[in-house]
Amino acid sequence: MNSLNNSLSDVVSSFNTLEGLYIYESNYTNVSNVVSENNSGYGVRISGGQTNYFSSINLSSNNIAGFAIILSSNNSLFDISSTKNVQSSGGPSGIFISQSSNNLVDSVVTVNYTYGIYVANSTFNTISNVIANFNNYSGVYSLLGSSNNNYSGIVANFNNYSGVFLIDSGYNYLNNITANSNQYVGILFSSNSNNLLFNATANFNDRTGLHIINSSNNLVDSVFMNSNLVDGLSIVNYSSKNIIRNGILNNSVNSLNFNLLANDNILENLSLVNTNTSYHDLKFDSDGINGTTFIDMPYIGNYSFTGDGGTVIVKDSRYGEIKFLQAVNGSGTNFTNDIRIGNNSATVLSSSNPGLNRSANVTLYNIGNRGFTNPAILKDGAICGSG
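Residues numbered from 1 in each chain as written. Predicted model: local features only at pLDDT ≥ 70, side-chain atom pairs only at ≥ 80, totals over all residues. Heavy atoms only, no water.

Q: What is the right way to read the overall build of the chain from this model?
A: Looking only at helices and strands, the chain features one helix and 34 strands. By its C-alpha atoms, the chain is 85 × 40 × 25 Å across when sized along the principal axes. Classification of the 387 residues of the chain by burial places 53% in the buried group. Sequence separation of at least 24 residues holds for 45% of the intrachain contacts in the chain that already meet a minimum separation of 6. Side chains of the chain carry 13 positive and 21 negative charges; the gap between the two charge centres is 12 Å. (Helix = DSSP H or I, 4+ residues; strand = E, 2+ residues; numbered from the N terminus. Buried < 20%, exposed > 50% of the residue type's maximum accessible area, 1.4 Å probe, protein only. Contact = heavy atoms within 4.5 Å. Lys, Arg positive; Asp, Glu negative; His and termini not counted. Charge placed at Lys NZ, Arg CZ, Asp CG, Glu CD.)

Q: Looking at this structure, I do not really get a nonpolar patch on the surface. What am I missing?
A: On the surface, a cluster of nonpolar side chains totalling about 220 Å² of accessible area is made up of Phe224, Ile248 and Val273. Tracing the backbone shows Val273 in strand β23 (residues 266–273). Given a relative accessible area of 32%, Val273 falls into the partly exposed group. (Patch = residues over 30% accessible without salt bridge, like charges linked within 9 Å, V, L, I, M, F, W, Y side chains within 5 Å. Areas by Shrake-Rupley, 256 points an atom, 1.4 Å probe, with all protein chains shown as cover. Salt bridge = Lys/Arg side-chain N within 4 Å of Asp/Glu carboxyl O.)

Q: Any chance you could explain the packing of aromatic side chains here in plain terms?
A: Here a ring pair, both rings aromatic, is described through the centre-centre distance and the interplanar angle of the planes. Evaluation of the coordinates by the stated rule reveals 22 aromatic pairs. Each ring, one from Tyr161 and one from Tyr184, has its centre 4.9 Å from the other, and the planes form 15 degrees; the classification is stacked. Here Tyr184 lies in the loop between β15 (173–178) and β16 (185–190) and Tyr161 lies in the loop between β13 (150–155) and β14 (162–167), a separation of 23 residues in the sequence. Note on Tyr161: relative accessible area 24%, which makes it partly exposed. (Phe/Tyr/Trp six-rings, centres within 6.5 Å; stacked < 30°, edge-to-face > 60°.)

Q: How should I be thinking about the side chain of Asn52 in this particular structure?
A: As for its placement among the helices and strands, Asn52 is situated in the loop between β4 (42–47) and β5 (53–60). Look past the residues within four positions of Asn52 in its chain and what remains in contact with it is Ser26, Asn27, Tyr28, Thr29, Ile46, Asn74, Asn75 and Ser76.

Q: Looking at this model, I keep getting lost on the nonpolar core. Mind explaining?
A: Grouped burial of nonpolar side chains is what soluble globular proteins tend to show. Counting 69 residues, the largest nonpolar core has Phe67, Leu256, Leu267, Leu282 and Phe294 as its most contacted members. Not counting residues up to four positions away in its chain, the partners in contact with Leu267 are Leu233, Ile235, Ile244, Leu256, Phe258, Thr293, Phe294, Ile295 and Met297. Core analysis: the second largest hydrophobic core is formed by 13 residues, Ala68, Ile70, Phe96 and Leu143 among them. (Core = buried A, V, L, I, M, F, W, Y, C linked by side-chain atoms within 4.5 Å.)

Q: Which parts of the structure should I look at to understand the pattern of salt bridges?
A: Two side chains with opposite charge may pair up if their charged atoms get near one another. Counted under the stated rule, the structure contains four salt bridges. A salt bridge links Arg45 to Glu19, with the nearest nitrogen and oxygen atoms 3.4 Å apart. Placement of the pair is Arg45 in strand β4 and Glu19 in the loop between β1 (7–14) and β2 (21–24), with a sequence separation of 26 residues. On the basis of relative accessibility, which here comes to 17%, the residue Glu19 falls in the buried class. Here Arg318 and Asp316 are joined by a salt bridge, their closest N and O atoms 2.9 Å apart. Note on Arg318: relative accessible area 52%, which makes it exposed. For Asp316, a relative accessible area of 12% translates into the label buried.

The values reported here are purely geometric and, on their own, carry no functional implication.
Right under this line is the structure:
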């Protein structure tokens, strides 16, 4: 307690009724080359104190958690292996971080726990170069207001629920995330806001690549989702003002799925390819979803707006935009062709889908002075009325 500048190395600690190694209220401790296994509590636990350094820690089959950081800050962990011989249930974590800040966790393998990495009520931590596979619930799990954490180089595959799951978390930065072959969803945001997700791959998940539920103001950039069994991307349950841009959604049942008042979301430059032809590139699974903006989308084929539908904005950043003032509905086989903008032109093919015959504001960019005395918008070759 209250100790400083100690070193521990070449430690083996097994079959203890509590922790294998417990560092309490200590600062500047250097711990290396530890084997801690089959303990009833934690393999290694640090509580209180700060600025401790751990490296080359091998943790196996500890019952509560492999490595726990509780009420402690500014610690560094490198080269941590935390595994269980048999997949666990009921809460154990490979790495457990609670009420702690400014810790660095790098080069971690965590397998067969309930949660690979568990972060609760913790801020400004950096977690990088992690393999969190075959856990009973999630590879990475963040909750209880955990914010301003940095996750990078995360591989979270073959988990029984999700690869990466952030709930009630905000202002986190995630980069270079791989979440494949999980039994529910690759990446899940629930009740989150203002997170940044860059360079994410979510393939072969049993339901959805990226699922955003009751979450707002998140930015997702550069996503690649292949062969997820239900949706490539789903935005549901009051999720609003999220921006999803730049990426490829390949070989999904539904590429894009919206549900339950998911309003004012922006989709930009997403390539939707090889979608199951019996389903949809774009599906509004409930009505009343408004303000969805499509910017520079290369192609959207099959589409469906349930019930009364919702309002949408279609924008080509070179030529202009069409902003529907009333909800559009119905379905069609080529959204890109039915609502399109070209050089000095805007087209809505309500003949293909009568549900598109709705009032809209049309804006054309950079057309200059074309010398028209009385410019007008035409519908089927005749002047279009204000209604």
